[in-house]
Amino acid sequence: MNASERAPVAPPELKIVFSGPMGAGKTTAIGAISEVPPVLTDVQNNDRASCDKDNTTVALDFGQITLEDGTVVRLYGTPGQDRFDFMWSILGQGALGVVLLLDASRADALRHMDQYLEAFAESARAGTLVIGVGRTDLPGAMPLHEFQRRLQAGEHCLPLFSVDVRRREHVLLLIETLTCLLEAGEHGEGNA
Amino acid sequence: MKAIVPTVRRYHAACTQELAGFMAQSPGILLAQLTTADGFEVAVQPPDTAAPAKLAAMSSSLQALGEVLVTESGLHGSRNTMIECEDGYVLVMPVPKAKPALSLLVVASRAAILGHLLWAAKNTTSGVAKILANQRE
């Protein structure tokens, strides 16, 4: 069989995990870019003291997007609450990169960043983790440079963006940055 | 019992009693726990169960995954999710029409008779549903 008769090569596929604390916008971000109806496991939130939102993810979110070069990116969102942290490692298996979403309007935003950088330490060390910080425009929000300073203090060199995850182009920026990092690092296999 | 969210705290005593009756009637049951759909424990038997918070979170994830898998498969009306393992069973069964949404988690050994387990679990979820309905009135 010559080259012209070979079966078509399947487009490359990537698995990316969206993680971050409850209310950071993981479900919204996946919904903003997924080309298939997202698979959601949202249920009623009974813990309004921790986060004042109607629903919360308890297992995973799933979406999919095809990039311009044909790469299919499978998007997995983790639950944000600590008691579901067993799902983080399950969903992280085989992931080539992580999008970490944070909420700058929360007083514990920097602690959250530290927590998730530790949870996804392998990706953070490998430089296959991108950080999107939301709600930076709200009064009293943590300024972006504080996140940057914290990253430098922890000797992390990771891309950091102010984002509105309701805007498709902002979420795509995070994905494209991550795919650039993956290409630059030539990461064949990964485990977030 | 830790971490009972206020919305379900008032059901704790009656639900604990319901679970105790379930365990007394059914052979092989090692654990019975009621959880909210977002992973908080409402009641558990035996009361000295280790790490009930983690089990509550895991059972709510399993329940949610089971429901979404049913829906994505073109089916509807998930009635329970059961895992059969070498030495027993794990069963998650939603409480019908519960507000807030609740599920029953059951861990049973091989001493359990599967048909009886499912029947008794269904009766228990119905009993819990009545408790919730009565306390709403």
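Structure's up top.
Here is what the cut-offs are and how they apply
- Throughout, residues of each chain are indexed from 1 in the direction in which the sequence is written.
- Key to labels: chains lettered from A, ligands numbered from 1, both in the order written.
- Note on the predicted model: pLDDT of at least 70 is required for a residue's local features to be given, and 80 or more for side-chain atom pairs to be given and counted; whole-chain, interface and lining totals, by contrast, use all residues.
- To obtain the side-chain values, all non-hydrogen atoms of the structure were included, while hydrogens and water were left out.
- Only heavy atoms enter the contact rule, under which two residues are in contact if any of them lie within 4.5 Å.
- A simple way to read buried area is as the amount of 1.4 Å-probe accessible surface that goes missing from two parts once joined, with both sides added.
- Take a side-chain nitrogen of Lys or Arg and a carboxyl oxygen of Asp or Glu: if they are within 4 Å of each other, that pair is a salt bridge.
- Whenever two N or O atoms come within 3.5 Å, that pair is a polar contact, provided that in protein one can donate a hydrogen and the other can accept it, and provided that, for residues adjacent in sequence, both atoms are side-chain atoms.
- Only centres within 6.5 Å qualify two rings of Phe, Tyr or Trp (six-membered ring in Trp) as a pair; their planes then separate them into stacked at under 30 degrees, edge-to-face at over 60, and tilted for everything else.
- Strands are runs of DSSP state E lasting at least 2 residues, helices are runs of H or I lasting at least 4, and numbering of each runs from the N terminus.
- Expected helix span is given by 1.5 Å per residue-to-residue step, counting one fewer step than there are residues.
- Summary of the burial criterion: residues with accessible area below 20% of their type's maximum are buried, those above 50% are exposed, and those between are partly exposed, where the area comes from a 1.4 Å probe applied to protein chains only.
- The directions considered for the arc are those from the helix axis to the C-beta atoms.
- Axis definition: a line fitted to C-alpha atoms, limited for helices to the stretch in contact. Angles are taken between N-to-C directions and run from 0 to 180 degrees.
- Angle categories are assigned with fixed cut-offs, so that under 35 degrees is roughly parallel, over 145 is roughly antiparallel, 65 to 115 is roughly perpendicular, and the rest are oblique.
- Each residue is assigned to one of three groups, with Ala, Val, Leu, Ile, Met, Phe, Trp, Tyr, Cys and Pro labelled nonpolar, Asp, Glu, Lys and Arg labelled charged, and all others, Gly among them, labelled polar.

Draft legend 1. Geometry of the interface of chain B and chain A. Opposite the 17 residues of chain B that make contact, chain A presents 17 residues. Between chain B and chain A the total buried area reaches about 1,300 Å² when both faces are included, carbon and sulfur atoms providing 67% of it. Linking Asp-85 of chain A and Lys-54 of chain B is a salt bridge whose minimum nitrogen-to-oxygen distance equals 3.8 Å. Our count for the contact surface shared by chain B and chain A stands at 4 residue pairs in polar contact (both at pLDDT 80 or more).

Draft legend 2. Region of interest: the packing of aromatic side chains. All names here are of chain A. For the coordinates displayed, the defined rule picks out 3 aromatic pairs over all chains. Seen from their ring centres, Phe-62 and Tyr-76 are 5.1 Å apart, and the 70 degrees between their planes marks the pair as edge-to-face. Placement of the pair is Phe-62 in strand 4 (residues 61–66) and Tyr-76 in strand 5 (residues 72–77), with a sequence separation of 14 residues. For the ring pair Trp-88 and Tyr-116, a centre distance of 4.6 Å and an interplane angle of 35 degrees mean the geometry is tilted.

Draft legend 3. Helix 2 (residues 12–25) of chain B, seen in detail. All names here are of chain B. Here helix 2 contains 14 residues, and its C-alpha end-to-end distance of 20 Å stays within 8% of the 20 Å for a straight helix at 1.5 Å per residue. Looking only at helix 2, the buried set comprises Cys-15, Thr-16, Leu-19 and Phe-22. In an axial view of helix 2, the angular spread of the buried residues amounts to 120 degrees, which keeps them on one side of the axis. For helix 2, the exposed residues lying more than 90 degrees away from the buried face are Ala-13, Gln-17, Ala-24 and Gln-25. Looking at the buried positions of helix 2, the neighbouring elements they touch are strand 1 (29–36), strand 2 (41–45), strand 5 (102–109) and helix 4 (114–136).

Draft legend 4. Structural view of unusual backbone geometry. The amide bond that connects Gln-45 of chain B to the next residue, Pro-46 of chain B, takes the cis arrangement and shows omega of -5 degrees. Here Pro-46 of chain B is to be found in the loop between strand 2 and helix 3 (52–72). Going from Lys-99 of chain B to Pro-100 of chain B, the amide bond is cis rather than trans, its omega being 0 degrees. Mapped onto the fold, Pro-100 of chain B is located in the loop between strand 4 (88–94) and strand 5. Backbone geometry at Glu-155 of chain A places phi at a positive 60 degrees, although glycine is not the residue there. Topologically, Glu-155 of chain A is positioned in the loop between helix 5 (144–153) and strand 8 (160–162). Taking relative accessible area as the criterion, Glu-155 of chain A reaches 74% and is therefore assigned exposed.

Draft legend 5. Expanded view of the packing of helix 1 (residues 26–33) of chain A against helix 6 (residues 168–185) of chain A. All names here are of chain A. Contact pair helix 1 / helix 6: the axes reach a minimum separation of 9 Å and the direction vectors enclose 95 degrees. One finds that helix 1 runs roughly perpendicular with respect to helix 6. Residues Ala-29, Ala-32 and Ile-33 of helix 1 lie in contact with helix 6, whose contacting residues are Arg-168, Val-171, Leu-172 and Ile-175. In terms of residue class, the contact of helix 1 with helix 6 is made up of 6 nonpolar, no polar and 1 charged.

Draft legend 6. A look at the pattern of salt bridges. Residues and elements named next belong to chain A. Using the criterion set out here, one finds 12 salt bridges over all chains in the structure. A salt bridge links Asp-52 to Arg-48, with the shortest nitrogen-to-oxygen separation between them at 2.6 Å. Owing to a relative accessible area of 61%, Asp-52 belongs among the exposed residues under this scheme. Of the charged contacts, one joins Asp-108 and Arg-111 as a salt bridge, the two residues approaching to 3.5 Å between their closest N and O atoms. For Arg-111, a relative accessible area of 46% puts it in the partly exposed group.

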